[in-house]
Amino acid sequence: MCNRLQVRGNGPIYARLQLQGSKNGTLPCMAAALLHSGTTVLEGVPMIADVLTAAEILRSLGASVHIRDHCITIQAGQLTASDIPRDFMGRMRSSVIFMGALLARCGETGAVSPGGCVIGRRPIDYHLDGFRQMGASVVQKDDRMEVKGRKLKGCVIVLPGPSVGATENLMLASTAAEGITIIRNAAREPEITELAQCLRNMGFGIYGDGTSEIVIRGCNETVDSVYSIPGDRIAAGTWLLCCMQNRGELVLDYAPVESMAAVLQVVQRMGGEIHTEKNRITLKAPDRLKPIDYLETAPYPGFPTDMQSLLLPVLCRAEGSSCIRERVFSSRFRTVGELEKMGADICITDGGQCARIRGGCRLHGTSVDAPDLRGGAALIIAALGAEGITVINDTCHIQRGYEQIPETIRLLGGEACWLS
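Attention in this report is confined to the structure presented alongside it. Keep in mind that this is a model prediction, so the values were computed, not measured.

Overview of the overall build of the chain
Assigned secondary structure in the chain consists of 14 helices and 23 strands. Whereas a compact globule of 420 residues would reach a radius of gyration of roughly 22 Å, the chain reaches 21 Å, a difference of no more than 12%. Projected onto the principal axes, the alpha-carbon positions of the chain cover approximately 60 × 45 × 40 Å. Looking at the 420 residues of the chain, the share that counts as buried comes to 56%. Distance between charge centres in the chain, computed from 43 positive and 44 negative side chains, equals 2 Å.

Right, dumping it as structure tokens:
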């Protein structure tokens, strides 16, 4: 895997893109395939590093995984292990989502604490507490967790906060619980509904997804199923902001329009003209960007924390000062230092939770390091709007969430190539 990307912008964007499938929708559905001893087919899957890692996890557990043309066929008839290998947990935080499925299928699972992007403290206490409430035993020693529960019981689980990962993990585990499980204060993100529909296709009873209370009724007989992954709403937001940064017009096909209201509203606040159809977004970017006087991140349906880093370089071009407050994670402004190398004027206040951006900056190309997945994508946006050439190092983070990166940049009118 190449780890350095060279990017140069070439002015206004006039392009049409076919959006990739949802990263955050695909991974829990791949874990869900462990619940069925037959065949699960996922269509429209993005060919990104995290999906390939998830496929390796499935194979390490004894499942058969076949990938072709954005389609994954998973056969989990005979599992040979119930522990998630240490290497995968350190490589991808989303590996933890396999614990709920393995607990349901095997009655036990084990793993070390997850790794992934360093964007703040993200403990999995909610996951483990939920397993306990269903009757599982949880033993933690050093960095290792062991969960056992061969006779899980349905119950009411009230999450302290609407955690996406915890909601997904508890949905998966509760498919094997006796009786009804109710998850209250559940996350409402579209990816929760994607997982719920995938589980329904397999034969499970899932109700209330998209609301703060989800009801799960397990079943003893699952069926082979096919599920099509929707478009990636964060990737859609990424390319829309590229167009806002560089001006021009962009058409996105296979876009999850209904789940992008908060992002589209922000684009319109900056002066973008948005037209939506079924699965299509058309953007005409303004010549002069308006600043955002105040914006804060929030769980869905609020403005997503994943989009916060991506917005920073765009606001550097806006005519005036902007303010973004991060209310989901504690260390999500790590990209600021790299943007400052490119000429950005951003001040972090309020204990690291608020970014104040002075607009009107002229960014210039230089060598920068991608601190995490979305921060790396923010540097691509900045590079497309900068004068000269930008070299982005540590792109392994970006490749976890975006496919065909140089090809997409070239479709957007820029120049991009991998460096050795």
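Structural notes on the pairing of strand β3 (residues 39-43)
For β3 and strand β5 (residues 71-75), the ladder comprises five bridges, and the chain directions are antiparallel. Each residue of the ladder has a partner; that of T40, found in β5, is I74. Strand direction decides the pairing type here: β3 and strand β13 (residues 225-228), joined by four bridges, are parallel. Looking at the pairing, E43 lines up with S228 of β13.

So, the pattern of salt bridges
Close approach of charged atoms lets side chains of opposite charge pair. As enumerated under the stated definition, the model contains 26 salt bridges in all. R16 serves as the salt-bridge partner of D253, at 2.8 Å between the closest nitrogen and oxygen. One end of the pair, D253, is in strand β14 (residues 248-253); the other, R16, is in strand β2 (residues 13-18), with 237 residues separating them in the sequence. A relative accessible area of 13% means that D253 is categorised as buried. By relative accessible area, R16 is classed as partly exposed at 49%. When the shortest N-O distance is used, the salt bridge between D253 and R280 registers 2.7 Å. Linking D253 in strand β14 with R280 in strand β16 (residues 280-285), this pair joins segments that are 27 residues apart in sequence. Classification of R280 by relative accessible area gives partly exposed; the value is 27%. The network of salt bridges with common partners includes R16, D253, E277 and R280.

Thoughts on the sheet that holds strand β20 (residues 354-358)
Strand order in this open sheet of four strands is β17-β18-β20-β19, and the pairing throughout is mixed. The open sheet has two free edges, formed respectively by β17 (295-296) and β19 (346-349), since each of these has just one partner strand. One ladder, built from five bridges, connects strand β18 (residues 321-325) with β20; its direction is antiparallel. Its bridge partner being in β20, I324 is matched across the sheet by A355.

With respect to helix α7 (residues 190-202)
Since there are 3.6 residues in each turn of an α-helix, residues three or four apart along the chain are aligned in direction. Relative to the 18 Å expected for 13 residues at 1.5 Å per residue, α7 spans 19 Å between its end C-alpha atoms, a close match to the ideal helical length. Those residues of α7 lying buried are P190, E191, I192, E194, L195, A196, C198, L199 and M202.

Thresholds applied
Residues numbered from 1 in each chain as written. Predicted model: local features only at pLDDT ≥ 70, side-chain atom pairs only at ≥ 80, totals over all residues. Heavy atoms only, no water. Helix = DSSP H or I, 4+ residues; strand = E, 2+ residues; numbered from the N terminus. Rg over C-alpha atoms; globule rule 2.2 N^0.38 Å. Buried < 20%, exposed > 50% of the residue type's maximum accessible area, 1.4 Å probe, protein only. Lys, Arg positive; Asp, Glu negative; His and termini not counted. Charge placed at Lys NZ, Arg CZ, Asp CG, Glu CD. Pairing = 2+ DSSP bridges. Salt bridge = Lys/Arg side-chain N within 4 Å of Asp/Glu carboxyl O. Expected span 1.5 Å × (residues − 1).

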